[in-house]
Amino acid sequence: MKILISGGRVLDPTHGIDDQLDLLIDNGRISHLGKNLQAEGAQVIDARGKLVTPGLIDLHVHLRDPGQEYKEDIVSGTRAAVAGGFTAVACMPNTKPVNDSKSVTRYILAKAAAEGFCHVLPVGSITQGSKGEALAEMGDMKEAGCVGFSDDGHPVASGELMRRALEYSRPFGVPIIAHAEDLDLVGQGVMNEGFVATELGLKGIPWVAEAAPIARDVMLAEFTGGHLHVAHVSCGAAVEIIRAAKKRGVRVTCEAAPHHFTLTDEAVRGYNTNAKMNPPLRSAEDVAAIRAGLADGTIDAIATDHAPHHIDEKNVEFNIAFNGIVGLETALPLTLRLVADGVLSLCDAIAKLTINPARILGLESGTLEVGRVADVTVIDPELKWTVEAQKLVSKSKNTPFDGWKMVGAATHTLVAGRISYQR
Ligand code: DOR
Ligand code: ZN
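Computed from a predicted structure; not experimentally measured. (Residues numbered from 1 in each chain as written. Chains lettered and ligands numbered in written order. Predicted model: local features only at pLDDT ≥ 70, side-chain atom pairs only at ≥ 80, totals over all residues. Heavy atoms only, no water.)

Visitor: Would you mind going over the coordination of the zinc ion (ligand 2) in detail, with residue names and values included?
Guide: Within the protein, D152 (OD), H179 (ND1) and H232 (NE2) serve as the donor atoms for the zinc ion (ligand 2), at 1.9 to 2.3 Å. For the zinc ion (ligand 2), the 4 donor atoms in the first shell make angles of 85 to 122° at the metal, so the coordination geometry reads as tetrahedral. Read in sequence order, the donor residues for the zinc ion (ligand 2) give the motif D-x26-H-x52-H. Placement of D152 in the loop between β9 (148-150) and α4 (159-169) and of H179 in the loop between β10 (176-178) and α5 (183-186) is noted, with a sequence separation of 27 residues between them. (Donors = N, O, S within 2.8 Å, 3.2 Å for Na, K, Ca; no water. Tetrahedral: all angles 85-135°; square planar, octahedral: opposite > 155°, others 65-115°. Helix = DSSP H or I, 4+ residues; strand = E, 2+ residues; numbered from the N terminus.)

Given below as structure tokens:
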């Protein structure tokens, strides 16, 4: 089975490729990249006027499977992923049960292989049950296929456990992914601490509740030599801590979510529970700092923190609404807005969705090298469309971007050489 993607603008940040080229896929792998390729009997995708990029990789999603399939499952979540242009997603372990053992890891991988629309890369928990009390069987889970470890959704409050996790993960070559949150400083807070919270009469979460644990974890990474990856960076102070640590040579990487570089806490007005997430939407200064961190490379990757929740968990008083929004189907156009705004070059934007997350997770994917598994995304950068929450592929519809006019969308998502999605 051959597929020829012809005449597109091929972008491969890893090799500095930005040229009008044809790409030939044979037997699930990239077999040729060049001008005027001919392939007898190949299915042709006309990519003129489109971008052809390595398959997008989202290193932070919640697939809710096993245990909360009413919100999302591996099938619906990967279907939403390919609709958004993603060919691989790393799924966080805060499922029911928590992915803290090889049996849960194996379940996820088996279901993804049998029914999924894209590659699924399980993230195992750092601690048993993500309770923060004792390390989970990281070695077992790594062997079963986990690409990193995180207690995402919960912080690892104990510095001692975080130290051991960073030490223990080193020989496995996988990152410890920090969900940085000081629960004492968060207290009863439900949105960013500041003017809007005061006006709305809602309790605030100060930025230091995120930045202080990041400072600790960066020092632990420096002390242990382990690879720390900081999830969903949302405030300027966190960017500054990571920027300084990188300058010192600490093994730290980080990601930002589209909502954190697009929206401020003003979006909460009207007690909009689809603007409630953890960490919360921050101030305009913080958004500017996130954008600056993306621009100067402090922030390595863009990851969605796709967090599906049922309508009944959002259609409630702000204080008790669940944290999180769906992100897989809106991440690409929101990232392209950064290009339109002059924050990132197109090449850097694609890198933050492909090779950079691949490197963080130690994957072979993220490039269009000949011989690699053919994970490829074809993007129409001019396609205008409007977000309609009810029409999202994801089982859950909790997006603050309902009704937003977007520019840019994936038109074809190829996973291991098969067309997994076509718009
Ligand atoms: O907003 C969030 N939702 N932040 C998290 O850390 C967890 C996630 C979830 O699982 O819903
Ligand atoms: Zn988190």
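Visitor: Go over the site of ligand 1 with me, naming the residues and quoting the values.
Guide: Neighbouring ligand 1 are 14 residues; R64, N94, H179, N278 and H309 lie closest to it. In this structure, H62 approaches ligand 1 through a side-chain N or O atom, which is 3.4 Å from an oxygen atom. Contact with the protein chains hides 93% of the accessible area of ligand 1, taken as 290 Å² for the molecule alone. Here the residues of the shell around ligand 1 are counted per class, giving 2 nonpolar, 9 polar and 3 charged. (Near = heavy atom within 4 Å. Polar contact = N/O pair within 3.5 Å; in protein donor to acceptor, adjacent residues only side chain to side chain. Areas by Shrake-Rupley, 256 points an atom, 1.4 Å probe, with all protein chains shown as cover. Nonpolar A, V, L, I, M, F, W, Y, C, P; charged D, E, K, R; others polar.)

Visitor: Can you break down the state of the cysteines residue by residue, with the values?
Guide: Taken as a whole and assessed by the stated rule, the structure comprises 0 disulfides. The thiol sulfur of C254 is not disulfide-bonded, and the nearest other cysteine sulfur, from C235, lies at 11 Å. Cysteine C347 shares no disulfide, and the gap to the nearest cysteine sulfur, in C254, comes to 19 Å. Using a relative accessible area of 27% as the deciding quantity, one classes C347 as partly exposed. (Disulfide = S-S within 2.5 Å. Buried < 20%, exposed > 50% of the residue type's maximum accessible area, 1.4 Å probe, protein only.)

Visitor: Would you mind going over the pairing of strand β2 (residues 17-26) in detail, with residue names and values included?
Guide: Examined bridge by bridge, strand β1 (residues 2-12) and β2 share 9 bridges and lie antiparallel to one another. Looking at β2, one finds that K2 is bridged to D26. Count of turn residues in the β1/β2 antiparallel hairpin: 4 residues, of which G16 carries a positive phi of about 60°. As paired elements, β2 and strand β3 (residues 29-34) share 5 bridges and run antiparallel to each other. Paired with D26 across the bridge in β3 is R29. Between β2 and the antiparallel strand that follows it, β3, lie 2 residues; N27 among them carries a positive phi value of about 55°. (Pairing = 2+ DSSP bridges.)

Visitor: Explain the environment of L135 residue by residue, including any values.
Guide: Note that L135 resides in the loop between β8 (119-124) and α3 (138-144). For L135, a relative accessible area of 24% translates into the label partly exposed. C-alpha of L135 to C-alpha of L392: the two residues are 257 residues apart in sequence and 37 Å apart in space. Leaving out residues up to four positions away in the same chain, L135 has contacts with I126, T127, Q128, L161, R164 and A165. (Contact = heavy atoms within 4.5 Å.)

Visitor: Tell me about helix α7 (residues 208-224), residues and numbers included.
Guide: Taking 1.5 Å of rise per residue, 17 residues should cover 24 Å, and α7 covers 24 Å from first to last C-alpha, within 8% of that figure. For α7, every residue scored as buried is listed here: A209, E210, A211, P213, I214, D217, V218, L220, A221 and T224. (Expected span 1.5 Å × (residues − 1).)

Visitor: Lay out the environment of V250 with the relevant residues and their values.
Guide: Mapped onto the elements, V250 comes out in the loop between α8 (236-248) and β14 (252-256). Overall, V250 belongs to the buried group, its relative accessible area being 10%. Here the alpha-carbon distance between V250 and S150, two residues 100 residues apart in the chain, equals 19 Å.

Visitor: Go over the packing of α4 against α7, please, and point to the residues and values.
Guide: One way to put it is that α4 packs onto α7 with a least axis distance of 9 Å and a crossing angle of 45°. As summarised for this structure, α4 and α7 are arranged oblique, according to the angle between their axes. Every pair of crossing elements has a handedness; the one defined by α4 and α7 is right-handed. Across the interface between the two elements, G159, M162, R163, L166 and E167 of α4 pack against R216, D217, L220, A221, F223 and T224 of α7. Its residues assigned to classes, the contact of α4 with α7 comprises 5 nonpolar, 2 polar and 4 charged. (Axes fitted to C-alpha atoms, helices over the stretch in contact; angles between N-to-C directions. Parallel < 35°, antiparallel > 145°, perpendicular 65-115°, else oblique. Left-handed = near helix turned anticlockwise from the far one by under 90°.)

Visitor: If you had to explain the nonpolar core to someone new, which residues and values would you point to?
Guide: One recurring pattern in soluble globular proteins is that nonpolar side chains are buried together. Core analysis: the biggest nonpolar cluster contains 89 residues, and V89, M162 and L228 have the highest contact counts within it. In contact with L228, other than residues within four places in its own chain, are M162, L166, I176, A178, D217, V218, A221, R251, V252 and T253. (Core = buried A, V, L, I, M, F, W, Y, C linked by side-chain atoms within 4.5 Å.)

Visitor: Explain unusual backbone geometry residue by residue, including any values.
Guide: The linkage connecting K96 with the following residue, P97, adopts the cis geometry, with an omega of 0°. On the secondary structure map, P97 appears in the loop between β7 (86-91) and α2 (102-115). At the junction of N278 and P279, the peptide bond is cis and its omega measures out at -5° in the coordinates. Take P279: it is sitting in the loop between α9 (258-262) and α10 (284-295). Even without being glycine, Y271 reaches a positive phi, approximately 55°. Along the polypeptide, Y271 turns up in the loop between α9 and α10. On the accessibility criterion, Y271 (40% relative accessible area) is partly exposed.

Visitor: With reference to specific residues and values, describe the sheet that holds strand β15 (residues 301-302).
Guide: Taken in spatial order, the 8 strands of this open sheet run β6-β7-β8-β9-β10-β13-β14-β15, and their pairing is parallel. The sheet is open, and its two edges are formed by β6 (56-61) and β15, each paired on a single side. Sheet topology places β10 next to strand β13 (residues 228-230); 3 bridges connect them, and they run parallel. Across the sheet, I177 pairs through a bridge with H229, a residue of β13. Where α4 meets the sheet, it contacts β10 and β13, and its direction lies at approximately 145° from that of β10.

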